[in-house]
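Chain and residue survey
Next come the chains, spelled out residue by residue.
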Amino acid sequence: MSQQQSRYAVFGHPVAHSLSPRIHAAFAKQVGLSLRYDAIDVEPADLQAALAAFAADGGRGANLTLPHKQSALALCAGLSDRARNAGAVNTLVRHEGGWFGDNTDGIGLVRDLTERNALDLRGRRTLLLGAGGAAHGVAPALLEAGIGDLFIVNRHPEKADALADALGQPGRVHSRYWNDLATQGAFDFIINATSAGRGHETMDLPFGIAAGRTLAVDLSYGEAAIGFLAWARSANCAQAIDGLGMLVEQAAASFEIWHGQRPDTQPVYLDLRALDVVLSTGD
Ligand SMILES: NC(=O)c1ccc[n+]([C@@H]2O[C@H](COP(=O)([O-])OP(=O)(O)OC[C@H]3O[C@@H](n4cnc5c(N)ncnc54)[C@H](OP(=O)(O)O)[C@@H]3O)[C@@H](O)[C@H]2O)c1
């Protein structure tokens with residue numbers, strides 16, 4: 001019987017410029033594993049069929065990126081608490097009964113901020129911009145990391161309401177209208193979890209939401225993060241950090257789930273940072 005090679009992949013649309021194949025290849029080399037990790041472009045309507053074909057062809061694990069993180073939830077035979085709480089999946093593991101869904105975005109962001117950047121998130125009055133797949137992934141982990149009140153705004157406000165409701169902490173989590181941002185005072189921590197920068201779209205953000213103590217974090221990196229990080233510097237934020245470190249940390253957490261080994265993220269992060277000028281957008 002021929003031995004089928006175990007396959008791993010990231011599914012997205014678009015996905016051609018994803019750095020995940022490069023990151024997983026570097027992790028595999030580091031721990032002496034031979035594996036195949038591809039980037040597979042799939043339209044939302046075709047995700048179920050594509051995952052089934054992938055599993056039949058030796059697919060053992062997958063990452064999901066924009067726009068599949070929330071829709072993939074329904075395709076999973078089982079879910080981790082992290083994925084259930086987030087209402088979004090970025091990591092799939094093939095089990096006999098089907099796909100098991102997990103979410104490493106939140107732990108990836110928290111590890112990048114608290115370990116790589118040695119930041120204390122506890123008690124910070126926090127503003128989350130966006131209510132898509134990434135926002136769903138990071139919000140529960142930020143609450144667990146001990147942030148203070150969490151305010152969520154989204155271009156389509158009903159999604160901010162839905163995320164706030166799903167987080168289930170009414171005294172601590174609040175949704176607000178984007179147009180009301182100017183009256184909300186300054187935040188200690190502002191996270192851009194929108195994809196506005198990918199389309200070179202600008203967001204209307206009043207300077208009054210930032211103060212000299214504010215930590216500003218964009219989940220995007222490369223060109224897509226330029227606009228928000230420039231705004232953060234103009235608004236005199238204490239620190240402005242992009243999503244490259246989170247990207248490497250969420251990948252490392254997926255790698256550990258699949259292979260049972262935790263790679264050293266710092267050399268991979270530093271290699272990518274050195275390439276930052278040519279980095280594309282996405283996760
Ligand atoms: N560093 C990492 O590891 C990592 C991991 C995950 C995601 N990300 C990045 O996070 C970003 C969001 O990803 P996602 O998966 O959450 O995407 P998504 O599910 O498609 O959600 C996109 C979000 O952006 C908002 N948005 C889009 N254009 C906007 C604009 N012009 N003004 C204001 N809001 C806008 C959307 O608002 P509406 O709902 O109103 O459309 C929605 O909240 C992407 O740039 C992605 O690359 C990075």
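Residues numbered from 1 in each chain as written. Predicted model: local features only at pLDDT ≥ 70, side-chain atom pairs only at ≥ 80, totals over all residues. Heavy atoms only, no water.

1. Observations regarding the environment of Ala-25
Relative to the elements of secondary structure, Ala-25 occurs in helix α1 (residues 20-31). The exposure class of Ala-25 is partly exposed, given its relative accessible area of 44%. Distance from Ala-25 to Tyr-37, taken between C-alpha atoms, is 7.3 Å for residues 12 residues apart in sequence. (Helix = DSSP H or I, 4+ residues; strand = E, 2+ residues; numbered from the N terminus. Buried < 20%, exposed > 50% of the residue type's maximum accessible area, 1.4 Å probe, protein only.)

2. Points about the packing of aromatic side chains
Each aromatic ring pair is summarised here by two numbers: the centre-to-centre distance and the angle between the ring planes. For the structure shown, the criterion picks out eight aromatic pairs. With a centroid separation of 5.5 Å and 70° between ring planes, the pair formed by Phe-151 and Phe-187 is classed as edge-to-face. Pair noted here: Phe-151 is in strand β8 (residues 150-153) and Phe-187 is in the loop between β9 (173-175) and β10 (189-192), with a separation of 36 residues, a long-range link. The same class applies to Phe-151 as to Phe-187, namely buried. Taking 5.7 Å as the distance between ring centres and 20° as the angle between the ring planes, the aromatic pair formed by Phe-228 and Trp-231 counts as stacked. A residue pair is termed a helical-turn pair when its members lie 3 or 4 positions apart in one helix, as Phe-228 and Trp-231 do in helix α7 (residues 226-234) at three residues. Considered together, Phe-228 and Trp-231 belong to a single accessibility category, that of buried residues. (Phe/Tyr/Trp six-rings, centres within 6.5 Å; stacked < 30°, edge-to-face > 60°.)

3. With respect to the sheet that holds β8
The six strands lie next to each other as β9-β8-β7-β10-β11-β12, forming an open sheet whose pairing is parallel. Of all the strands in the sheet, just β9 and β12 (239-241) have a single pairing partner and so form its edges. Taken pair by pair, the neighbouring strands of this sheet meet at an average axis angle of 15°, ignoring direction. For β8 and β9, the ladder comprises three bridges, and the chain directions are parallel. Note that in β9 the partner of Leu-150 across the bridge is Val-173. (Pairing = 2+ DSSP bridges. Axes fitted to C-alpha atoms, helices over the stretch in contact; angles between N-to-C directions.)

4. What to know about the sheet that holds strand β1 (residues 7-12)
Strand order across the open sheet formed by six strands is β2-β1-β3-β5-β6-β4, with mixed pairing between neighbours. On the outer flanks of this sheet lie β2 (36-41) and β4 (78-79), each paired with one strand and no other. Pairing geometry for β1 and β2, over six bridges, is parallel. When the bridges of β2 are listed, Phe-11 appears paired with Ile-40.

5. Structural notes on helix α6 (residues 157-167)
Turning to α6, its buried residues number three or more, namely Ala-160, Leu-163, Ala-164 and Leu-167. Looking straight down α6, one finds its buried side chains confined to an arc of 100°; they lie on one side. Of the exposed residues in α6, those oriented more than 90 degrees away from the buried face are Asp-165 and Ala-166. Where α6 is buried, its residues meet β7 (126-129), α5 (133-144), β8 and β9. (Arc of directions from axis to C-beta. Contact = heavy atoms within 4.5 Å.)

6. Some details on unusual backbone geometry
Among all residues save glycine, negative phi is the norm, and among peptide bonds the norm is trans. That bond from His-13 to Pro-14 is cis: its omega, 5°, falls within 30 degrees of zero. For Pro-14, the position within the fold is in the loop between β1 and α1. Within the chain, Ala-118 stands out as a residue other than glycine whose phi angle is a positive 50°. With respect to the helices and strands, Ala-118 occurs in the loop between α4 (105-116) and β7. A positive phi angle, near 55°, is found at His-200, a position not held by glycine.

7. A few points about the site of the ligand
Lining the immediate environment of the ligand, one finds 28 residues, of which Ala-134, Asn-154, His-156, Lys-159 and Glu-201 sit closest. Take Ser-195: an N or O atom from its main chain is 3.0 Å from an oxygen atom of the ligand. When the free accessible area of the ligand is taken as 920 Å², the share hidden by the protein chains comes to 90%. For the shell around the ligand, the elements supplying multiple residues, two or more each, are α5 and α8 (244-259). With three residues, the top contributor of residues to the shell around the ligand is α8. Of the residues that constitute the shell around the ligand, the class distribution is 10 nonpolar, 11 polar and seven charged. (Near = heavy atom within 4 Å. Polar contact = N/O pair within 3.5 Å; in protein donor to acceptor, adjacent residues only side chain to side chain. Areas by Shrake-Rupley, 256 points an atom, 1.4 Å probe, with all protein chains shown as cover. Nonpolar A, V, L, I, M, F, W, Y, C, P; charged D, E, K, R; others polar.)

8. Notes on the pattern of salt bridges
The tally for this structure, following the rule as stated, stands at 14 salt bridges. Note that Glu-256 is salt-bridged to Arg-262, the shortest N-O span being 3.7 Å. Classification of Glu-256 as partly exposed rests on a relative accessible area of 31%. According to the relative accessible area criterion, Arg-262 is partly exposed, its value standing at 36%. Three or more residues joined by partner-sharing salt bridges are found here, namely Asp-112, Arg-116, Glu-249, Glu-256 and Arg-262. (Salt bridge = Lys/Arg side-chain N within 4 Å of Asp/Glu carboxyl O.)

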